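Summary of the model geometry
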Amino acid sequence: MSLLSPALRFDFPALDQHVGGKPLVYLDNGATTQKPRSVIDALARFYERNNSNVHRGLHALSMRATDGFEAARARAAKFINAADSAEIVFTRGTTESVNLVAQSWGSANLRPGDIVLITEMEHHSNLVPWQQITRQTGATLKYVPVAGADAEHGLDLDALEKLLTPQVKLFAFTHLSNTLGILNDAARLCAKARAVGALTLIDAAQSIGHEPIDVQAIGCDFLAYSGHKMAGPTGIGVLYGKRALLDDMPPYQTGGGMISTVDWFESKWKPAPERFEAGTPNVADAIALHAAFDYLDGIGRPAISDHDHALAAQACTALSELPGIRILGPKTGKPRAGLVSFAFAAAHAHDIVTFADQDGIALRGGHHCNQPLMKKLGLPSTTRASFYVYNTPEEIAVLAASLRKILKFFA
Ligand code: PMP
């Protein structure tokens, strides 16, 4: 495992500031990443030069906007090795992508007796939509448990074998847990689901900008992610879906842009992806997302993955020396992706985050939208440090020193 050049920091204007009189140490990348200059410039350039609505205009600006929007879609397909850009639906982010599948595919396909299988490590975004649609359709929601007092063993694969029956119509799981730092073996999980005829949906919110992802190699049916967690803007995300599935699904929302014909009492839909993009889409942010794909591929996702994993391993080693710390997920020395969440009996996560902020360190404290998992692990909250391309080993040393100081205060 190796680290990226610290000079990458200079690509990110927001990092060049002091907080509380100290240089900013931004370790809240699991919530959202900072944006490189190229993404900020792409956004500004669109509004300065090309701003227009897409698909409905024949004038120069409208054509430029449409070309830019569709080029972003083609680039999004390439980023995950989708076979066809028609398999890319632009959404507001992971949450909307999962809701789209739950409401559209779910309402058309789920019946009483069917099972939707998810896991105990899901973010609420990949949990509540399945609660809702199973309740609406009479289908049943089941969970693959996590194993270990600190969920250090990840998904219980023996339990998964037993849960995967022919009644399971869809298995939806996170690629990278936002609380545990566990990277699930997506290809293996999809193969197991396929063996019983279940479709698969991957929540790639945490992995998309950090790990290489090839949807054809993984063999998933749907994959959801948000642009803002991969150096792109907020308000734009992607639902990848196999073309035959998307073309078979009813619209999620209706209105302009998604119809082929409308009569007084009846309308016909366009094929995917337009069928799922009612109304004026988020053109500017899709175009800026294109710049984020280019930026990340310019570094190389294997290199990003190595960097994040190396920092997380260093953080685990440094933090495990702190008195009374409980680190969730894989133990020191075991594979862990680029985030670490931890708890102390002596201090609440919100206090840790507030005090660390005074040292210029941005952390996240709370239940991380994993309330049922937190309950199972017997924790009200954890503090999370999450890493990205611009973070350095020096910042981990700053974090460890700050936490040591905070713990002395609470002792
Ligand atoms: N899934 C996971 C694993 C996440 O970490 C997040 C964001 N914290 C989401 C889904 C939801 O993403 P968004 O809020 O961008 O829709």
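Residues numbered from 1 in each chain as written. Predicted model: local features only at pLDDT ≥ 70, side-chain atom pairs only at ≥ 80, totals over all residues. Heavy atoms only, no water.

What follows deals with the overall build of the protein. For the protein, the count of helices and strands is 13 helices and 19 strands. The C-alpha radius of gyration of the protein comes to 22 Å, within 12% of the 22 Å expected for a compact globule of 411 residues. Counting only C-alpha atoms and orienting by the principal axes, one finds that the protein spans roughly 70 × 55 × 35 Å. Looking at the protein residue by residue over its 411 residues, the buried ones come to 56%. When the accessible surface of the protein is summed, it comes to about 16700 Å², and 55% of that surface belongs to carbon and sulfur atoms. (Helix = DSSP H or I, 4+ residues; strand = E, 2+ residues; numbered from the N terminus. Rg over C-alpha atoms; globule rule 2.2 N^0.38 Å. Buried < 20%, exposed > 50% of the residue type's maximum accessible area, 1.4 Å probe, protein only. Areas by Shrake-Rupley, 256 points an atom, 1.4 Å probe, with all protein chains shown as cover.)

What follows concerns the site of the ligand. Around the ligand, the neighbouring residues are T94, T95, H123, S125, T174, N178, D203, A205, Q206, S226, H228 and K229. Within the side chain of Q206, one N or O atom sits 2.7 Å away from an oxygen atom of the ligand. (Near = heavy atom within 4 Å. Polar contact = N/O pair within 3.5 Å; in protein donor to acceptor, adjacent residues only side chain to side chain.)

Running from amino to carboxyl end, helix 10 (residues 301–319) crosses helix 13 (residues 393–410) at an angle of 25°, the nearest separation of the two axes being 10 Å. In this view, helix 10 runs roughly parallel relative to helix 13, as classed from their interaxial angle. Relative to helix 13, helix 10 is oriented so that their crossing is right-handed. Across the interface between the two elements, L311, Q314, A315, A318 and L319 from helix 10 touch P393, I396, L399, A400 and L403 from helix 13. Class assignment of the residues belonging to the contact of helix 10 with helix 13 gives a composition of nine nonpolar, one polar and no charged. (Axes fitted to C-alpha atoms, helices over the stretch in contact; angles between N-to-C directions. Parallel < 35°, antiparallel > 145°, perpendicular 65-115°, else oblique. Left-handed = near helix turned anticlockwise from the far one by under 90°. Contact = heavy atoms within 4.5 Å. Nonpolar A, V, L, I, M, F, W, Y, C, P; charged D, E, K, R; others polar.)

In the case of a regular strand, side chains alternate between the two sheet surfaces. One ladder, built from five bridges, connects strand 5 (residues 115–119) with strand 6 (residues 140–144); its direction is parallel. Across the sheet, the residue bridging to I118 is Y143, located in strand 6. At this point the chain moves from strand 5, through helix 4 (residues 128–137), to the parallel strand 6, and the crossover so formed is right-handed. (Pairing = 2+ DSSP bridges. Right-handed = clockwise from strand over helix to strand, strands pointing away.)

Further remarks concern the pairing of strand 19 (residues 382–386). Counting buried positions along strand 19 gives five out of five residues, so the element sits mostly inside the fold. Covered by surrounding structure in strand 19 are T382, R384 and S386 together with T383 and A385, the residues of both alternating faces. Looking at chain direction, strand 16 (residues 339–344) and strand 19 are connected through four bridges and run antiparallel. Note that in strand 19 the partner of L339 across the bridge is S386.

Before going further, it helps to spend a moment on empty space enclosed by the protein. Over the atoms a probe the size of a water molecule is rolled, and this reveals where empty space is left. On inspection of all chains with the given rule, the structure shows one cavity of 30 Å³ or more. The calculated volume of the largest cavity comes to roughly 50 Å³. Taken together, N29, G30, L176, Q206, H210, G338, L339, S386 and F387 form the lining of the largest cavity. Split by residue class, the lining of the largest cavity holds three nonpolar, six polar and no charged. (1 Å grid on protein atoms, 1.4 Å probe; cavity = no way out; pocket = protein on both sides within 12 Å on 5 of 7 lines; lining within 4 Å. Points joined across faces, edges and corners; volume = space filled by probe spheres on them.)

A few words now on the sheet that holds strand 10 (residues 199–203). Spatially, seven strands are ordered 4-12-11-10-9-5-6 in an open sheet, and the strand pairing comes out mixed. Each edge of the open sheet is held by one strand with a lone partner, namely strand 4 (88–91) and strand 6. Direction aside, neighbouring strands of the sheet carry axes that sit 20° apart on average. Judged from the three bridges that link them, strand 10 and strand 11 (residues 222–226) form a sheet pairing that is parallel. The residue bridging L201 from the neighbouring strand is F222, located in strand 11. Along the sheet, helix 4 makes contact with strand 5, strand 6, strand 9 (168–174) and strand 10, crossing strand 6 at roughly 145°.

By the assigned domains, the protein splits into domain 1 (6–30 + 301–410) and domain 2 (41–297). Between the C-alpha centres of domain 1 and domain 2 the distance comes to 28 Å. Contacts between the two partners involve 33 residues from domain 1, matched on the other side by 35 residues from domain 2. Interface of domain 1 and domain 2: buried area, both sides summed, is about 2800 Å²; carbon and sulfur atoms make up 51% of it. Put simply, domain 1 and domain 2 have four salt bridges between them. Notably, a salt bridge pairs R326 with D150, separated by 2.5 Å at the nearest N-O pair. Our count for the domain 1 to domain 2 interface comes out at 26 residue pairs in polar contact (both at pLDDT 80 or more). Elements that contribute at least two residues to the side of domain 1 that touches domain 2 include exactly helix 10, strand 15 (325–327), strand 16 and helix 12 (371–377). (Domains from an automatic or database assignment. Buried area = accessible area lost by both parts, 1.4 Å probe. Salt bridge = Lys/Arg side-chain N within 4 Å of Asp/Glu carboxyl O.)

What follows deals with the layout of surface pockets. Counted as a void, the largest pocket has a volume near 360 Å³. Every residue lining the largest pocket is counted, 18 residues in all, and those nearest its centre are H153, G154, I182, L183 and N184. For the lining of the largest pocket, the elements supplying multiple residues, two or more each, are strand 8 (154–155) and helix 6 (186–195). In terms of residue class, the lining of the largest pocket is made up of eight nonpolar, four polar and six charged. Shared between two domains, the lining of the largest pocket holds at least three residues of each, these being domain 1 (6–30 + 301–410) and domain 2 (41–297).

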